[in-house]
Amino acid sequence: MPQPESRLAMVRRARRINRELAEIYPYAHPELDFRNPFELLVATVLSAQTTDLRVNQTTPALFAAYPTPEDMAAAVPEDLEELIRPTGFFRAKSRSLLGLSQALRDRFGGEVPGRIEDLVTLPGVGRKTANVVLGNAFGVPGITVDTHFGRLVRRWKWTEQEDPEKVEAEICAIFPKSEWTMLSHRVVFHGRRICHARKPACGVCPIAPLCPAYGEGETDPEKARKLLKYEKGGQPGQRLTPPADYPGLPAQPLGGPQARP
């Protein structure tokens, strides 16, 4: 009977997976289009219960209408709802956007704060959203525990926790702080492209030898290859304006050809 993996062995394996993912996805990045902290904050709030692609297709018109917190704070709720309708749950999201914009205007001088303690006081902003903004707009390291991240770190036996804050704490303890933001991107990239929820593409996964869950998905390489998504499967990515080093195709605007979900 195999011996349980020791804590030290798990940490070594986890850090090796991170190094492997860094080689597989050297171009890993936030998959929301943004030009400043306010745009990233709004896009991240909109990304709940929908795809980054749909958010990216929606925000150009939104930011053309409301480029600053002051502009959005003064928006007519019905007009704001109509602009963000494609992202779903548009009434609740509109209330959050109006509330956070008014808070930025009234309490933070129209600027997005660079501290997690301040960000989580904004309507609709929890730790996940705050860490996205801090890590990618301010360069403050953070672990972003979305559904992909939580699923993969449990699949890899890095943690057994389900609560996002407990997952965040346990993963932070495994890796140096300098790795937190990029680790988040790499894990999410892997979850979206290869290690899917229902049918992981195990047969073409480069980290299969390090994965305790190998075999949960398709192990035949030819069949597994057909499961690959985004640039790994030759499909457009999620960003309309991806970084220069992204090796895949940019996504299409609303109404154009779509990437496979």
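For the structure itself, consult the block above.
The model shown is predicted, which means the values in this text are computed figures rather than measured ones.

Draft legend 1. Focus on the overall build of the protein chain. A count of helical and extended segments in the protein chain gives twelve helices and zero strands. When the elements of the protein chain are put in sequence order from the N terminus, they spell out α-α-α-α-α-α-α-α-α-α-α-α. In summary, the protein chain has a C-alpha radius of gyration of 19 Å against a globular reference of 18 Å for 261 residues, a match within 12%. If one aligns the C-alpha atoms of the protein chain with their principal axes, the spans along those axes are about 65 × 40 × 30 Å. In the protein chain, which comprises 261 residues, the share counted as buried stands at 50%. Long-range pairs, those at least 24 residues apart, make up 60% of the contacts in the protein chain between residues at least 6 apart in sequence. Placing the 35 positive and 31 negative side-chain charges of the protein chain at their respective mean positions leaves the two points 6 Å apart.

Draft legend 2. Spotlight on empty space enclosed by the protein. One pass over the structure, following the stated rule, counts one cavity of 30 Å³ or more. Taken as a whole, the largest cavity encloses approximately 80 Å³ of empty space. A per-class count over the lining of the largest cavity returns ten nonpolar, one polar and two charged.

Draft legend 3. Up close: the packing of helix H2 (residues 37–46) against helix H6 (residues 90–107). Close contact between H2 and H6 brings their axes to 10 Å; oriented N to C, the two are set at 155°. Between H2 and H6, the angle falls in the class roughly antiparallel. As H2 runs across H6, the sense of the crossing is right-handed. Between H2, through Phe38, Leu41, Val42, Val45 and Leu46, and H6, the contact on the second element is made entirely by Lys93, Ser96, Leu97, Leu100, Ser101 and Leu104. Partitioned by chemical class, the residues of the contact of H2 with H6 number eight nonpolar, two polar and one charged.

Draft legend 4. Local environment of the environment of Thr50. With respect to the helices and strands, Thr50 occurs in the loop between H2 and helix H3 (52–65). For Thr50, a relative accessible area of 24% puts it in the partly exposed group. For Thr50 and Phe90, which are 40 residues apart along the polypeptide, the C-alpha to C-alpha distance reads 11 Å. Those residues in contact with Thr50 that sit more than four places away from it in its chain are Val55, Thr87 and Lys93.

Draft legend 5. Structural view of the packing of H2 against H3. Their axes nearest at 10 Å, the elements H2 and H3 cross at an angle of 135°. Judged by the inter-axis angle, H2 sits oblique to H3. For the pair H2 and H3, the crossing hand works out as right-handed. Across from Glu39, Val42, Ala43 and Leu46 in H2, the residues of H3 making contact are Val55, Thr59, Leu62 and Phe63.

Draft legend 6. Spatial organisation of helix H8 (residues 127–137). Among the residues making up H8, those that are buried are Thr129, Ala130, Asn131, Val132, Val133, Leu134 and Gly135. Packing partners of the buried residues in H8 comprise H2, helix H7 (116–119), helix H10 (164–172) and helix H11 (180–193).

Draft legend 7. How the structure looks around the packing of aromatic side chains. Applying the stated criterion across every chain, the model contains seven aromatic pairs. On the numbers, 5.0 Å between centres and 50° between planes, the contact of Trp156 with Trp158 is tilted. Among the residues examined, Trp158 registers a relative accessible area of 2% and is labelled buried. Connected via pairs of aromatic rings, a cluster forms that spans Tyr25, Tyr27, Phe189 and Tyr246. The side chain of Arg193 reaches across the aromatic face of Phe189, ending 3.7 Å from its centre.

Draft legend 8. Main features of the layout of surface pockets. Volume-wise, the largest pocket comes out at about 920 Å³. Asp146, Thr147, His148, Val188 and Arg192 are, among the 38 residues lining the largest pocket, the residues nearest its centre. Only H2, H8, helix H9 (147–155) and H11 provide two or more residues apiece to the lining of the largest pocket. If you tally residues by element for the lining of the largest pocket, the top one is H11, at seven residues. Here the residues of the lining of the largest pocket sort into ten nonpolar, 19 polar and nine charged.

What counts, and where the lines are drawn
- Residues numbered from 1 in each chain as written.
- Predicted model: local features only at pLDDT ≥ 70, side-chain atom pairs only at ≥ 80, totals over all residues.
- Heavy atoms only, no water.
- Helix = DSSP H or I, 4+ residues; strand = E, 2+ residues; numbered from the N terminus.
- Rg over C-alpha atoms; globule rule 2.2 N^0.38 Å.
- Buried < 20%, exposed > 50% of the residue type's maximum accessible area, 1.4 Å probe, protein only.
- Contact = heavy atoms within 4.5 Å.
- Lys, Arg positive; Asp, Glu negative; His and termini not counted.
- Charge placed at Lys NZ, Arg CZ, Asp CG, Glu CD.
- 1 Å grid on protein atoms, 1.4 Å probe; cavity = no way out; pocket = protein on both sides within 12 Å on 5 of 7 lines; lining within 4 Å.
- Points joined across faces, edges and corners; volume = space filled by probe spheres on them.
- Nonpolar A, V, L, I, M, F, W, Y, C, P; charged D, E, K, R; others polar.
- Axes fitted to C-alpha atoms, helices over the stretch in contact; angles between N-to-C directions.
- Parallel < 35°, antiparallel > 145°, perpendicular 65-115°, else oblique.
- Left-handed = near helix turned anticlockwise from the far one by under 90°.
- Phe/Tyr/Trp six-rings, centres within 6.5 Å; stacked < 30°, edge-to-face > 60°.
- Lys NZ or Arg CZ within 6 Å of the ring centre and 35° of its normal.

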